[in-house]
Amino acid sequence: MAVRKLAPSILNADFSNLREAIAHLNGVADVIHLDVMDGDFVPNITFGPVVVEAIRSVTDLPLDIHLMISRPATFAKDFIKAGADWVSFHIEAVPEPRELLEQLREKGVLAGVAINPATPASVLFECVEIMDFVLVMSVVPGFGGQEMIVDALGKIAELKEAATARGLELEVEVDGGVNIKNMRMVIDAGADVIVAGSSIYAAPDPRQAALEMRAILDSY
Ligand code: DX5
Ligand code: ZN
């Protein structure tokens, strides 16, 4: 498995100055996590491909698009065109994910499936060989700044075991409620990619907060 990655989520950043919010991450983040919500799959609306394209124009970091939308198969191509490097969609929105995963891979992005805290890991076991990563949600999706649901972390080992049993390695991203205090627990549970939103952007100095998280990741 590659070195662990830090994936800041800009959901709680200052949207009146996204250029600066992104600049805080230069040389600190491995990938930028972008939360797309449609007001249907989740009770909140964020942004679409136009904003992803704007972010693409101000950073060379890979963009990790987390689609919390009811119809990812309809819109994924627009996010890829806008500059996505990783794309994940929810198993709760697409219970038969093979076709969409294959389509995403054909378009040259890393393809992932996200799973809500209430959904058992076992629903993903049969398709681990066609995904590049799993996004384990450790909060109910919809909003940043929630407290982590620690029980969700058990899914990391379950999914990795399912992959290992099939002779594969699976990268697992953990999203929701990660902060400087609990991130060691998340790493110890097996996470490869750590999403952090409010713990970076609600901090007085976002770059400093991101640097502190980076230092913890690098200490492993
Ligand atoms: C929640 C989003 C998360 C969120 C993370 O629906 O998918 O990516 O922005 O924010 P924090 O780190 O504040 O939980
Ligand atoms: Zn997310």
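Residues numbered from 1 in each chain as written. Chains lettered and ligands numbered in written order. Predicted model: local features only at pLDDT ≥ 70, side-chain atom pairs only at ≥ 80, totals over all residues. Heavy atoms only, no water.

Under an unreviewed UniProt entry, the chain has the name Ribulose-phosphate 3-epimerase and belongs to Candidatus Solincola sediminis. Regarding the chain, the relevant UniProt record gives this comment under Sequence similarities (unreviewed entry): "Belongs to the ribulose-phosphate 3-epimerase family." (UniProt positions renumbered as here; feature names shortened; annotations may be inferred.)

Our next topic: the pairing of strand β5 (residues 110–115). Where a strand is regular, its side chains alternate between the two sheet faces. When you tally the buried positions in β5, you get five out of six residues, the bulk of the element. Here five bridges tie strand β4 (residues 86–90) to β5, and the two strands are oriented parallel to one another. Bridge pairing in β5 links H90 to A114. Of the crossover connections in this fold, the one passing from β4 over helix α4 (residues 98–106) to the parallel β5 is right-handed. (Buried < 20%, exposed > 50% of the residue type's maximum accessible area, 1.4 Å probe, protein only. Helix = DSSP H or I, 4+ residues; strand = E, 2+ residues; numbered from the N terminus. Pairing = 2+ DSSP bridges. Right-handed = clockwise from strand over helix to strand, strands pointing away.)

Turning next to the coordination of the zinc ion (ligand 2). Taken together, H33 (NE2), D35 (OD), H66 (ND1) and D175 (OD) make up the protein donors of the zinc ion (ligand 2), found 2.0 to 2.3 Å from the metal. Coordination at the zinc ion (ligand 2) is octahedral: its six donor atoms span angles of 71 to 170° at the metal. Mapped onto the sequence, the donors of the zinc ion (ligand 2) take the spacing H-x1-D-x30-H-x108-D. Taken as a pair, H33 and D35 share a single burial class, namely buried. (Donors = N, O, S within 2.8 Å, 3.2 Å for Na, K, Ca; no water. Tetrahedral: all angles 85-135°; square planar, octahedral: opposite > 155°, others 65-115°.)

Let's shift gears to the pattern of salt bridges. Applying the stated criterion to the full structure yields eight salt bridges. With a shortest N-O distance of 3.2 Å, D218 and R214 are connected by a salt bridge. Placement of both D218 and R214 in helix α8 (residues 206–218) is noted, with a separation of four residues, approximately one turn of the helix. Assessed through its relative accessible area of 11%, R214 is described here as buried. (Salt bridge = Lys/Arg side-chain N within 4 Å of Asp/Glu carboxyl O.)

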